[in-house]
Amino acid sequence: MPETHFKITENIRKIKVTMPVTILALESSCDDTSAAVIRDGFVLSSLISGQNVHMAYGGVVPELASRAHQANIVPVVDQALKQAEVTSGDIDAVAFTKGPGLLGSLLVGVSFAKGFALAKKIPLIEVNHLQAHVLSHFILEKDAARPVPGFPFLCLLVSGGHTQIILLKSHLEMETIGNTIDDAAGEAFDKCGKLMGFTYPAGPLIDQFAVRGNKDAFRFAKPSVRGLDFSFSGLKTSFLYFLQEKVKTDSNFIENNKADLCASLQNTIIQILIEKIVKAAEITGISEIGIAGGVSANSGLRRIIVEEGKKRGWKVHIPPVRYTTDNAAMVGITGYYKYLSGDFSDHDSIPQARM
Ligand code: KG4
Ligand code: ZN
């Protein structure tokens, strides 16, 4: 690495924050290529280019994902700048997802961010994908005033790869106080959905079918895990055995009971999640409670956390659906707070599959 690259970063560290601060953000950790422009915490643009190529495989194929990111990233950034009505010269810093995620996918975003930052001589800000999901609660929109969480704040982060309870003392001070010991909640949706013949990702489809089903039609075992941790692999196995048993006597069982199966499965996953966030709120005494991550798009979870909050006197925070699944606006808001605290990255920053 030539010495000059580090010099650029060194000079940038001494940057004085003057308003406005305009951040270009990139998110490419999995199968969505996303770019956003954030100014002083407000979204000017947020674009997501999904990848249908994985549908037929029942899950994300890493090699195909990185190729699609490579094809998508330039047009997506170009559109994000245009929609925000800014030029590359208006950007004060580039924020990118460092991990966790698929290495080949992350590499595309990281490399693009470095190139952009070097060309424009602006700071580079690495962002943890999970922190970004949690900070999606702080994304501001000009036409939609929403109360942002106060601190301390407890956030249930539920996505395709993670299920955690995170305690925030401030925007950048977070502690994980609960974690899954095996599968994530999103994986439970996707893997059980695959058993019912749904394409990937099955979560949104199960949500749609569940609306028309009876949540008490079937019962699936809930795990007993100590403390604030979660487990979902047992549910997946019991769902599989249940279907295998039923299909033995009725080959059309899944087709004829899809809505009830979806409603019962979704209800079990929600109960597992709610029990632990209730416990976390009781232990910590915190009443600012939120949900984040792809599974927080689930209509049942959104409804039940609000109901639970009313019963328990919580202030419940639910991000708009567009900021629940992977998006660059959440990376941008995290980048914004890191910018304000002068937390910049060097150009030898590398993507990390696990963090
Ligand atoms: O946060 P995300 O976009 O990516 C990861 O960081 O993993 O989450 C994707 C996950 C997938 O498992 C998907 O099935 C699930 O979020 N998901 C849903 C819904 N929308 C997305 N799960 C249940 N109900 C939904 N409406
Ligand atoms: Zn995610």
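Here the structure is shown first, and the text comes after it.
This structure is a prediction, so every number in the text was calculated from the model and none was measured.

1. Comments concerning the sheet that holds strand β4 (residues 93-99)
Step number 1: Ordered by their spatial adjacency, five strands build an open sheet running β3-β2-β1-β4-β5, and the pairing between neighbours is mixed. Each having just a single partner strand, β3 (42-49) and β5 (124-128) make up the two edges of the open sheet. For this sheet, the mean inter-axis angle between neighbouring strands, taken without regard to orientation, is 20°.
Step number 2: Bridging between strand β1 (residues 22-27) and strand β2 (residues 33-39) involves six bridges; their strand directions are antiparallel. Note that in β2 the partner of I23 across the bridge is I38.

2. Examining the state of the cysteines
Step number 1: Applying the stated rule across the entire model yields zero disulfides.
Step number 2: Left unpaired, C30 is separated from the closest cysteine sulfur, that of C192, by 19 Å.
Step number 3: Of all cysteine sulfurs in the structure, the one in C262 sits closest to C192, which takes part in no disulfide; the separation is 9.9 Å.

3. Considering the packing of aromatic side chains
Step number 1: Counting across every chain of the model gives twelve aromatic pairs.
Step number 2: Summarising the aromatic geometry, the rings of F198 and F209 are spaced 5.3 Å apart at their centres and angled 55° between planes, so their arrangement reads as tilted. In this pair, F198 is assigned in the loop between α5 (185-195) and α6 (203-210) and F209 in helix α6, connecting sequence segments eleven residues apart.
Step number 3: Residue F198 is classed as buried on the basis of its relative accessible area, which comes to 11%.
Step number 4: F209 sits in the partly exposed class, given a relative accessible area of 23%.
Step number 5: One aromatic cluster in this structure is built from F218, F220, F239, F242 and F253.
Step number 6: When the ring centre of F198 is taken as reference, the NZ or CZ atom of K258 above it lies at 4.8 Å.
Step number 7: In this arrangement the basic side chain of K258 is found over the ring face of F209, its NZ or CZ atom lying 5.9 Å from the centre.

4. Here we look at the pattern of salt bridges
Step number 1: Evaluated as defined, the whole model comprises 18 salt bridges.
Step number 2: Linking E187 and K191 is a salt bridge whose minimum nitrogen-to-oxygen distance equals 3.3 Å. A residue pair is termed a helical-turn pair when its members lie 3 or 4 positions apart in one helix, as E187 and K191 do in helix α5 at four residues.
Step number 3: Judged by relative accessible area, which is 23%, E187 ranks as partly exposed.
Step number 4: A relative accessible area of 32% places K191 in the partly exposed class.
Step number 5: The salt bridge involving K315 is made with E288; its shortest N-O contact spans 3.8 Å. Residue K315 is located in strand β10 (residues 315-317), and its partner E288 is located in strand β9 (residues 288-292); the two are separated by 27 residues in the primary sequence.

5. Considerations on the coordination of the zinc ion (ligand 2)
Step number 1: Looking at the zinc ion (ligand 2), one finds its protein donor set to be H129 (NE2), H133 (NE2) and D326 (OD), positioned 2.0 to 2.1 Å from the metal centre.
Step number 2: Taken together, the four donor atoms coordinating the zinc ion (ligand 2) and their angles of 96 to 138° define a geometry best described as irregular.
Step number 3: Donor residues for the zinc ion (ligand 2), ordered by position in the chain, follow H-x3-H-x192-D. With H129 in helix α4 (residues 129-135) and D326 in the loop between β10 and α11 (328-340), this pair connects stretches of sequence that are 197 residues apart.

6. A few points about the environment of Q131
Step number 1: Inspection of the secondary structure assignment puts Q131 in helix α4.
Step number 2: Since its relative accessible area comes to 13%, Q131 is described here as buried.
Step number 3: Those residues in contact with Q131 that sit more than four places away from it in its chain are H171, L172, M174 and T334.

7. Concerning the packing of α5 against helix α9 (residues 258-284)
Step number 1: One can describe the packing of α5 onto α9 by two numbers: an axis separation of 11 Å at closest approach and a directional angle of 170°. Taken together, the axes of α5 and α9 lie roughly antiparallel to each other. Between α5 and α9 lies a crossing of right-handed hand. Across the interface between the two elements, A185, A188, F189 and C192 of α5 pack against L265, Q266, I269 and L273 of α9.
Step number 2: Looking at the contact of α5 with α9, its residues break down into seven nonpolar, one polar and no charged.

8. Some details on unusual backbone geometry
Across the chain, the bulk of peptide bonds are trans and the bulk of non-glycine residues have phi less than zero.
Step number 1: A cis amide bond, omega 0°, links F151 with the succeeding residue P152.
Step number 2: Within the secondary structure, P152 is located in the loop between α4 and β6 (153-158).
Step number 3: With an omega of -5°, the peptide bond between Y200 and P201 qualifies as cis.
Step number 4: Residue position: P201 is located in the loop between α5 and α6.
Step number 5: Located in the positive-phi region is D40, a residue other than glycine, with phi close to 50°.
Step number 6: Its place among the elements puts D40 in the loop between β2 and β3.
Step number 7: In this model, E85 sits at a positive phi of 60°, which is unusual for a non-glycine residue.
Step number 8: With respect to the helices and strands, E85 occurs in the loop between α2 (62-84) and β4.
Step number 9: In this structure E85 comes out as exposed when scored by relative accessible area, which is 72%.

Cut-off values and rules
- Residues numbered from 1 in each chain as written.
- Chains lettered and ligands numbered in written order.
- Predicted model: local features only at pLDDT ≥ 70, side-chain atom pairs only at ≥ 80, totals over all residues.
- Heavy atoms only, no water.
- Pairing = 2+ DSSP bridges.
- Helix = DSSP H or I, 4+ residues; strand = E, 2+ residues; numbered from the N terminus.
- Axes fitted to C-alpha atoms, helices over the stretch in contact; angles between N-to-C directions.
- Disulfide = S-S within 2.5 Å.
- Phe/Tyr/Trp six-rings, centres within 6.5 Å; stacked < 30°, edge-to-face > 60°.
- Buried < 20%, exposed > 50% of the residue type's maximum accessible area, 1.4 Å probe, protein only.
- Lys NZ or Arg CZ within 6 Å of the ring centre and 35° of its normal.
- Salt bridge = Lys/Arg side-chain N within 4 Å of Asp/Glu carboxyl O.
- Donors = N, O, S within 2.8 Å, 3.2 Å for Na, K, Ca; no water.
- Tetrahedral: all angles 85-135°; square planar, octahedral: opposite > 155°, others 65-115°.
- Contact = heavy atoms within 4.5 Å.
- Parallel < 35°, antiparallel > 145°, perpendicular 65-115°, else oblique.
- Left-handed = near helix turned anticlockwise from the far one by under 90°.
- Nonpolar A, V, L, I, M, F, W, Y, C, P; charged D, E, K, R; others polar.

Taken by themselves, the reported measurements are silent on function.
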